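What follows is the residue order along each chain.
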Amino acid sequence: MKTVILAGGMGSRISEESYLRPKPMVEIGEKPILWHILKIYSHFGFREFVICLGYKGYVIKEYFAHFFLHSSDVTFDFSNNRETICYQSPAAEPWRVTLADTGIETATGGRIKRVASYIGNEPFMLTYGDGVADIDIGRLLAFHRSHGKKATVTAVQPGGRFGAIELGDNDTVTGFKEKPKGDRSLINGGFFVLEPEVFDYISDDSTYFEKEPIEKLAAEGELKAYLHKGYWQPMDTLRDRQVLEQQWQSGRAPWKIWSAP
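A brief report on the enclosed structure follows. (Residues numbered from 1 in each chain as written. Predicted model: local features only at pLDDT ≥ 70, side-chain atom pairs only at ≥ 80, totals over all residues. Heavy atoms only, no water.)

## Quick word on empty space enclosed by the protein
Here is the rule we go by: Throughout, the protein atoms alone are placed on a 1 Å grid, and a set of points is a cavity if a 1.4 Å probe fits but cannot get out or a pocket if it is open with protein on both sides within 12 Å along at least five of seven lines; lining residues have an atom within 4 Å of a point. Grid points are joined across faces, edges and corners, and a volume is the space filled by probe spheres set on the points. Secondary structure elements follow DSSP: runs of H or I no shorter than four residues count as helices, runs of E no shorter than two count as strands, and numbering proceeds from the N terminus.
Within this structure, the stated rule accounts for one cavity of 30 Å³ or more. Size it by volume and the largest cavity reaches roughly 40 Å³. Forming the walls of the largest cavity are Pro32, Leu34, Trp35, Leu38, Tyr63, Phe64, Phe67 and Trp95. Breaking the lining of the largest cavity down by element, the ones donating at least two residues are helix H2 (33–43) and helix H3 (57–65). When residues of the lining of the largest cavity are assigned to their parent elements, the largest contribution, three residues, is made by H2.

## Topic: the layout of surface pockets
The cut-off we apply is this: Any residue outside Ala, Val, Leu, Ile, Met, Phe, Trp, Tyr, Cys, Pro, Asp, Glu, Lys and Arg is labelled polar, Gly included; the first ten of those are nonpolar and the last four are charged.
Quantified by volume, the largest pocket comes out at close to 870 Å³. Lining of the largest pocket is provided by 32 residues; of these, Gly9, Lys23, Thr108, Tyr128 and Asp130 occupy positions nearest its centre. Of all the secondary-structure elements, those providing two or more residues to the lining of the largest pocket are strand S1 (2–7), helix H5 (108–114), strand S8 (124–128), strand S13 (187–188) and strand S16 (232–234). Classifying every residue of the lining of the largest pocket gives 13 nonpolar, twelve polar and seven charged.

## Details of helix H9 (residues 238–249)
How we decide: Expected helix span is given by 1.5 Å per residue-to-residue step, counting one fewer step than there are residues. Only protein chains enter the accessibility calculation, which uses a 1.4 Å probe; a residue is then buried when its area is under 20% of its type maximum, exposed when over 50%, and partly exposed in between. Every residue pair with non-hydrogen atoms within 4.5 Å of one another is taken to be in contact.
Under the 1.5 Å per step criterion, the end-to-end length of H9 is 16 Å for twelve residues, consistent within 8% with the ideal 16 Å. Three or more residues of H9 are buried, namely Asp240, Arg241, Val243, Leu244, Glu245 and Trp248. On its buried side, H9 packs onto helix H1 (15–18), strand S2 (27–28), H2, strand S9 (131–133) and S16. One or two residues past the end of H9 sits Gly251, with phi positive at roughly 80°.

## Points about unusual backbone geometry
Of note, Glu30 is a non-glycine position whose phi angle comes to about 65°, a positive value. Inspection of the secondary structure assignment puts Glu30 in the loop between S2 and strand S3 (31–32). You can call Glu30 exposed: its relative accessible area is 70%.

## Section: the pairing of strand S4 (residues 48–53)
The line we're drawing: Pairing between strands requires that DSSP locate at least two bridges from one strand to the other.
Among the six residues of S4, five are classified as buried, and the element is accordingly described as predominantly covered. Across six bridges, S1 lies against S4 in parallel orientation. Residue pairing in the sheet places Ile5 in a bridge with Ile51 of S4. Sheet topology note: the S4/strand S7 (residues 96–101) ladder contains six bridges and is parallel.

## Section: a nonpolar patch on the surface
Inclusion rule: Two distance rules govern patches: like charges are joined within 9 Å, and nonpolar side chains (Val, Leu, Ile, Met, Phe, Trp, Tyr) within 5 Å, applied only to residues with over 30% relative accessible area and no salt bridge. Note that accessible areas follow from Shrake-Rupley with a 1.4 Å probe, and for residues the cover is restricted to the protein chains shown. Here a salt bridge means any side-chain nitrogen of Lys or Arg lying within 4 Å of a carboxyl oxygen belonging to Asp or Glu.
Together, Phe68, Leu69, Phe76, Phe78, Ile85 and Tyr87 give the surface a local cluster of nonpolar side chains, amounting to about 540 Å² of exposed area. Going through the elements one at a time, helix H4 (67–71) and strand S6 (84–88) are the ones with two or more residues in the nonpolar patch.

## Overview of the packing of aromatic side chains
The condition is simple: Side-chain rings of Phe, Tyr and Trp (the six-membered ring for Trp) are treated as a pair once their centres are within 6.5 Å; stacked means planes under 30 degrees apart, edge-to-face means over 60, and tilted covers the remaining angles.
One pass over the structure, following the stated rule, counts 17 aromatic pairs. Note on Phe49 and Trp95: the rings are 6.2 Å apart at their centroids and 80° apart in plane angle, and the pair reads as edge-to-face. Of the two residues, Phe49 sits in strand S4 while Trp95 sits in the loop between S6 and S7, which places them 46 residues apart along the sequence. The exposure classification of Phe49 matches that of Trp95, with both residues buried. Relative to Phe78, the ring of Phe76 has its centre 6.3 Å away and its plane inclined at 5°; by these criteria the two rings are stacked. Here Phe76 falls in the partly exposed class, since its relative accessible area comes to 38%.

So this is what it looks like as structure tokens:
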């Protein structure tokens, strides 16, 4: 089963980083967040990816074109008037990655529609190129297959933006609670499983997948929610990126569910 990753947006809310590169290439622990997402799926045996490119897509192409160079020790031998490159213990990954140019201004639904030929008439996974989670992809797929509907979205409860003050008697501050959950509302956390019929719900390049297609699927009773109660974190802002980096550097990044470095 293939996994489609939306990686074409401009990332305007994290412009401090994205003015040089697409948001999925912003690094956490010296690796693009896109690499972290592929590692999550690969851990569960899903290793075929179709990445929808747009803004500065050439940066993602160059990263994969030189993947061994980015991931391995390398020896350059310029003797005998020629260049020989030897990768020392290359850090290979069992991935098959298709990089598809889907347009600079194309909306999310349009990007999905443009890669339909790479998917074919079979179910596929879909997620965004800027969020990580400790989600069990295997259980997500099993849930999707169990209900027989056209689409599954992962529902998550985001954390609050601010720490909460804990009060005791007479308004005495008794402590602080870091990053409590929000108002208990559930939101779209990405990590979809979709049947190929979903392509028919997308009109053209201007269609946002999160609007007309999702709303129509829901109205028809063809959309189910997989509730993920564990860790989930998008990288919308520079602050989000700093939180992810701190968690990675601590050695206890919750989304690092794979065992190898």
